[in-house]
Amino acid sequence: VTQSPDMNPERFHTLSYDEKKAYNVEGLDMQLGSVYATIGLGWLFNRTVIMPRIACYCDRYWMPLDDCRLPGATQQRLPFVCPMDYVLDPISLTDNSSSVPVRWREYTFLENPRCPESVKSSRLTIYTSTTLARPEERYSAQEGTTLLLPASLSAADLTS
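Thresholds applied
- Residues numbered from 1 in each chain as written.
- Predicted model: local features only at pLDDT ≥ 70, side-chain atom pairs only at ≥ 80, totals over all residues.
- Heavy atoms only, no water.
- Pairing = 2+ DSSP bridges.
- Helix = DSSP H or I, 4+ residues; strand = E, 2+ residues; numbered from the N terminus.
- Axes fitted to C-alpha atoms, helices over the stretch in contact; angles between N-to-C directions.
- Phe/Tyr/Trp six-rings, centres within 6.5 Å; stacked < 30°, edge-to-face > 60°.
- Buried < 20%, exposed > 50% of the residue type's maximum accessible area, 1.4 Å probe, protein only.
- Lys NZ or Arg CZ within 6 Å of the ring centre and 35° of its normal.
- Disulfide = S-S within 2.5 Å.

Participant: Mind showing me how you'd approach the sheet that holds strand E7 (residues 144-150) here?
Facilitator: Pairing between sheet strands relies on hydrogen bonds along the backbone, with the strands arranged either parallel or antiparallel. Ordered in space as E5-E7-E6, the three strands form an open sheet in which the pairing is mixed. Taken across any chain shown, the strands that pair with only one partner, and hence form the sheet edges, are strand E5 (124-129) and strand E6 (136-140). Neighbour-to-neighbour, the strand axes of this sheet turn through a mean angle of 25 degrees, independent of strand direction. Judged from the six bridges that link them, E5 and E7 form a sheet pairing that is parallel. Looking at the pairing, threonine 125 lines up with threonine 146 of E7.

Okay, here's the thing in C-alpha cells:
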C-alpha cells in the first residue's frame, strides 16, 4: 500500500507556490518510500511488482511552472496521477546498473484485457499493519492472496 499525504489537502489551492512545492516533495517522498519497500518485497518474494499510482501535486517541466502547473494550464487539476518517469527511471530499474533488478509492470497492468486470468489470479497483495504481532495470509476470490505483515518486521525477520 502506497503512503501519500491527503490527495485533496484542505485549502491546497490557497497555499503559496513555495508551500505547494514543499507539499509535492513531501508527498513524493512518502510515496517513494512505500514504492522502494514494495520493490524490496517483490525481490524478496520473487514477484513482479505492479507499480502503484503516484500522486503529483506539482507538474514537472524544464521551464518555470505557474503555480505548480505548466504555463497556461490553469485548468489542470492538482493533484494528478503522474507518469512513472516523473519520479523514477524505469530503465534503471531493469538494467544491469541495479544490484536488485526489478520485474515491474505499470499500475494498469491487471486491468488490461490482454492480461491472462492466470496472472490476475496469482497476485499477492501485501499490507502492513501496526496491530499485527506476526504475519498472516488470507485468500479471497476477488483479492487473491493477501499477506498481512506487522509494520515492525525487518528484512531479516522476513527471510528467517
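Participant: Would you mind going over the packing of aromatic side chains with me for this structure?
Facilitator: For any two aromatic rings, the description comes down to two numbers: the centre-to-centre distance and the angle of the planes. Throughout the structure, instances matching the rule amount to three aromatic pairs. Here tyrosine 23 and tyrosine 57 contribute two aromatic rings whose centre-to-centre distance is 5.0 Å and whose plane-to-plane angle is 80 degrees, an arrangement assigned as edge-to-face. Taken together, the residues span a long stretch of sequence, with tyrosine 23 in helix H1 (residues 17-44) and tyrosine 57 in the loop between strand E2 (55-56) and strand E3 (80-81) at a distance of 34 residues. In this structure, tyrosine 23 and tyrosine 57 share a single accessibility class: buried. The aromatic ring of phenylalanine 109 is capped on one face by arginine 105, whose charged end is 5.6 Å from the ring centroid.

Participant: Can you help me understand the state of the cysteines in this one?
Facilitator: Working definition: the covalent bond between the sulfur atoms of two cysteines is a disulfide. The final tally for this structure, using the stated rule, is two disulfides. Shown here is the disulfide that connects cysteine 56 with cysteine 82, its sulfur atoms set 2.2 Å apart. Between cysteine 56 and cysteine 82, the S-S dihedral sits near 70 degrees, and the bridge is therefore right-handed. Of the two residues, cysteine 56 is situated in strand E2 and cysteine 82 in the loop between E3 and helix H2 (90-94); the sequence distance between them amounts to 26 residues.

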